[in-house]
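Structure assessment
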Amino acid sequence: MEPGPPGRSGPAEPGPRVRGADREASAAVPSRAREEAGLQRRAPAVAAVLPAGGSGERMGVPTPKQFCPVLGRPLISYTLQALERVCWIKDIVVAVTRENMEVMKGIIQRYQHQRISLVEAGVTRHRSIFSGLKALAQDQPDSQLSKPEVVIIHDAVRPFVEEDILLKVVTAAKEHGAAGAIRPLVSTVICPSADGCLDQSLERARHRASEMPQAFLFDVIYEAYQQCSDYDLEFGTECLHLALKYCHIKAKLVEGSPDLWKVTYKRDLYAAESIIKERISEQICMVMDTKEDEEHVGHRLEEMLKNELSHVKVTSGALGHTGRDLQQIILEQCYNFVCVNVRASEFEETQKLLDVLKESDLSILYPVVVISVHFLDCKSVPFGQKMENLMQIKEFAKEVKQQNILLCGLLIYYPQDEQKLQDSLRQGATIIGTLIKERNSGLLGQLLVA
């Protein structure tokens, strides 16, 4: 067993922290820390095992599906993040093939995953799970982990598991010995005969699809795997069945949510990317240094965003001298920023914002979108001159792309006519919403006009 590379000390949840903002962060969440500490004291000792040795044959791509990129980040990293967010899961054991061991270590290092240990996967799913269980068992001479009371078994390619269902299966497993998530069957299951004709079909209403996660009393599932026949280790796929067959434990079945689906085919990667984009597009931070000027058009743009993007939470923050407002927003993990530039220098506010973001770890897990907003009053500055001044955004965008920050510009006409101004602001809000939702790297460094 190999422990994963140690990352820097981080917050309870994996993700960004603002360097120098530890004092503000610790003051902001004392109640949550106490709540999590209390939960850890009450909960049984829990670990998780993720078999990640598959080759991804059904995906039809050379890269195993657990390592396929989604928004530039390996799929398995999202699953690890989902488990790491659960404070009461003490250890996470990942079983990977020998040839992918260094790849997995690199993922742990780059995305600062915590509480991860690696073991070598077996040639089948059950053998990989057994390897993970051995790493947690106290009877192994090289074990560096403590034996849990309950162990969760989950798939590396089911990234959207929530704490609620994890808690349900763990609680049920503690009472019944084993538990697993289920979902209604979507299609009817039939059994063909040897000559390819229909033999029988199952009544769909009486049957369910077995999903992940599943949870077991550790002693139950470890004993089942120790007794498991070579045939079951080679061809079996259902852990709940092993607990029933070898330990006579009838698993409690827990209704799961639609988010438990498994990334299996190439099209599933696009679906996963769409879900992730939607989740990280639910909040926008307006960055303005216009508190003294309540009539500034930037405030009207903020109101238009709130009206036009009703499904998105729009907050505001100021750079100021300390950037504390912005640091708190970063700690809350907002990945979308609209920076209103009002000073004489075209990019003064945007540059300050980019400096703060580069100093934080916000863009490690997800690409951060920054839209640099500028206003054009043709009566004071000719359009051609304004565009020429703003073209340096391409160089800024190229530089910050290395930090996973997606920068583009928006120029909004600022005419005197009220109706035309409303139309420009509405069009600007639509452009902002689209840029944030799509996260299209092809628009990096582009200056769009509303």
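Check the entry above for the structure.
Described below are features of the structure shown in this document. (Residues numbered from 1 in each chain as written. Predicted model: local features only at pLDDT ≥ 70, side-chain atom pairs only at ≥ 80, totals over all residues. Heavy atoms only, no water.)

**As for the overall build of the protein**
Assigned secondary structure in the protein consists of 16 helices and 18 strands. Buried residues in the protein amount to 50% of all 450 residues. Within the protein, residue pairs in contact and separated by at least 24 positions form 76% of the contacts whose partners lie at least 6 positions apart. Surface accessibility of the protein: about 21800 Å² in total, with carbon and sulfur atoms responsible for 49%. (Helix = DSSP H or I, 4+ residues; strand = E, 2+ residues; numbered from the N terminus. Buried < 20%, exposed > 50% of the residue type's maximum accessible area, 1.4 Å probe, protein only. Contact = heavy atoms within 4.5 Å. Areas by Shrake-Rupley, 256 points an atom, 1.4 Å probe, with all protein chains shown as cover.)

**Some remarks on the nonpolar core**
In terms of nonpolar packing, the biggest core is built from 81 residues, with I89, V94, M104 and F337 touching the most fellow members. Once residues lying within four places of it in the same chain are set aside, the contact partners of V94 are L50, A52, I76, L80, M104, I116, S117, L118 and V119. Formed by 33 residues, the second largest nonpolar core is a distinct cluster that contains L136, A224, L240 and I249. (Core = buried A, V, L, I, M, F, W, Y, C linked by side-chain atoms within 4.5 Å.)

**Some remarks on the packing of helix α7 (residues 218-227) against helix α9 (residues 239-247)**
Taken N-terminus to C-terminus, the directions of α7 and α9 make an angle of 80 degrees; their axes are 9 Å apart at the nearest point. Regarding the angle of α7 to α9, the classification is roughly perpendicular. Between α7 and α9, the contacting residues are V220, I221, E223, A224, Y225 and Q227 on the first element and C239, L242, A243, Y246 and C247 on the second. Each residue belonging to the contact of α7 with α9 can be placed in one class, and the counts come to nine nonpolar, one polar and one charged. (Axes fitted to C-alpha atoms, helices over the stretch in contact; angles between N-to-C directions. Parallel < 35°, antiparallel > 145°, perpendicular 65-115°, else oblique. Nonpolar A, V, L, I, M, F, W, Y, C, P; charged D, E, K, R; others polar.)

**Comments concerning the environment of A156**
Relative to the elements of secondary structure, A156 occurs in the loop between β7 (150-153) and α6 (163-176). Put simply, A156 and G53 are 103 residues apart on the chain and 9.2 Å apart in space, counted from C-alpha to C-alpha. Once residues within four sequence positions are removed from consideration, A156 is found in contact with L50, P51, A52, Q66, L75, I76 and T79.

**Section: the side chain of R73**
One can find R73 in strand β4 (residues 73-74). Buried charged residue R73 carries no salt bridge. Nearest counter-charge: E84, at 6.8 Å. A polar atom in the side chain of R73 sits 2.8 Å from the side chain of Q81. Apart from residues no more than four positions distant in its own chain, R73 is found in contact with C68, Y78, Q81, Y111, L365 and Y366. (Lys, Arg positive; Asp, Glu negative; His and termini not counted. Salt bridge = Lys/Arg side-chain N within 4 Å of Asp/Glu carboxyl O. Polar contact = N/O pair within 3.5 Å; in protein donor to acceptor, adjacent residues only side chain to side chain.)

**What to know about the pairing of strand β17 (residues 405-413)**
Most of β17 sits inside the fold, with eight of its nine residues counted as buried. Pairing geometry for strand β16 (residues 368-376) and β17, over nine bridges, is parallel. Looking at the pairing, V373 lines up with L410 of β17. (Pairing = 2+ DSSP bridges.)

Any link to function would need more than the numbers given here.
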